[in-house]
Amino acid sequence: MTAPHPRIGIIGTGAIGGFYGLMLARAGYDVHFLLRSEYEAVRQNGLHVNSAVQGSLHLDEVQAYRRAADMPKCDWLLVGAKSTSNPELAPLIVEAAGQDAKVVVLQNGLGIEDDLRALLPSNIHLLGGLCFICAHRSALGVVEHQALGGVNLGYHSGSAATPEQQQALVEEGVSMFRAAGVDSNAAANLAQARWQKLVWNMPYNGLSVLLDAGTAPLMANPDSRALVRSIMLEACGAASACGYPLPEALVDRMMTATDHMPNYLPSMYHDHAHGRPMELEAIYAAPLAAAAQVGFGMPKTEALLQALRFISMRADR
C-alpha cells in the first residue's frame, strides 16, 4: 500500500506532467520531476502554470533530474509523456519505481496500458489516467492552462489480486489528486472510459491538424461541425460493438460542452506544429483495429487517419 506521505515522480514534464506535478507539489506532496530539454530552464526559473482557472501559479523549488537513475524511488509515478515514446519510457519507469509502485498513464488513446504492461515488471501496479484538461506548453517550463483540469483513474493490472484491493489503490490516487485541488473520480471500467474519451479526441485532434483550426472555428462552421459529429458517432458505435456501450446523449453533451469552451488547439495540433510525432497509433489505428476485429466500419475516421499519415510522412521528408 502507499506510504502515509507518498513520494511522487513525474515522467514527462510537459503540459500534463507539469500541471499535475505543480498542483501536487503546491499541496505539500514530495514531487520529483524527470526532465530533458526543460532541465536547465526549470532549474533556473522553476515551473510556471498560467491558468485561466486559478491564476498564475509558480513552483520555485523544483526537485528536477536529468536521469531517472538519480531520482529517489517513488511510490507513485505519473507518466505525462506522449504514448509515442512509451518503449523508451519503460526503463525509466522501472528505474524510478519504488516497491509496490503505482504507475498512472496520463495519455490519450486505446491499448496504451496493454503495450506498456508488457514492458514492466508484474509487481508494478499500472493505472490509466484520463485527463480532462485544456493545456499546452508555451515555453520550456511554462504551461498554459485554458480550462478544465480533472483526471479520472482506473486500475489496469498489477499485483493487486482482488477488485477490492484494486479499488483501494484507485481511491488512494483519487484522494491524492483531490487533496491537490484537482477534480478526480474513479473510473468504473477503464476500457469503457478510454473509449468515451476517444469520442472527443478522435474528431478534434485530427481535424485541428487537417484543417488548421481550433475547436471554436470547427464548431462554428456547419460542414466541419457535421464532420465532428459523424466521427463522434462512429466512435460511439465502435465502442458499443466492442462491448462498451456509451450513453446515447454523449455526443450532444460533448458538442455542447465544446461550444462553451474557449477556442482550444488540441495536443496533436501542437505536436504537428513543433515537428513532434503525432499519436496516430493510440488515438486512431488501435481503435480502428479493435472495431475492425468485431466487424464495425469507421470510414470517416479511417479517412482522417489516412490523411494524417500523409501529412506525417510529408513532414518527415
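Check the entry above for the structure.
Remember, it's a predicted structure, so these values are computed and weren't measured experimentally.

Looking now at the packing of aromatic side chains. Geometrically, a pair of aromatic rings is defined through the distance of the ring centres and the angle of the planes. Taken as a whole and assessed by the stated rule, the structure comprises four aromatic pairs. Between Tyr20 and Phe177, the aromatic rings sit 5.7 Å apart at their centres with planes inclined by 80°, giving edge-to-face as the arrangement. Of the two residues, Tyr20 is situated in helix H1 (residues 15-26) and Phe177 in helix H5 (residues 163-179); the sequence distance between them amounts to 157 residues. Using a relative accessible area of 1% as the deciding quantity, one classes Tyr20 as buried. Under the relative-accessibility criterion, Phe177 is labelled buried at 1%. Aromatic side chains Trp200 and Tyr264 sit 6.5 Å apart centroid to centroid with 35° between the ring planes, which places their arrangement in the tilted category. One end of the pair, Trp200, is in helix H6 (residues 190-210); the other, Tyr264, is in the loop between helix H9 (250-259) and helix H10 (267-273), with 64 residues separating them in the sequence. Both residues of the pair, Trp200 and Tyr264, count as buried. By the ring-pair criterion, three or more aromatic residues cluster together here, those being Phe19, Tyr20 and Phe177. In this arrangement the basic side chain of Lys197 is found over the ring face of Phe132, its NZ or CZ atom lying 5.8 Å from the centre.

What counts, and at which threshold
Residues numbered from 1 in each chain as written. Predicted model: local features only at pLDDT ≥ 70, side-chain atom pairs only at ≥ 80, totals over all residues. Heavy atoms only, no water. Phe/Tyr/Trp six-rings, centres within 6.5 Å; stacked < 30°, edge-to-face > 60°. Helix = DSSP H or I, 4+ residues; strand = E, 2+ residues; numbered from the N terminus. Buried < 20%, exposed > 50% of the residue type's maximum accessible area, 1.4 Å probe, protein only. Lys NZ or Arg CZ within 6 Å of the ring centre and 35° of its normal.

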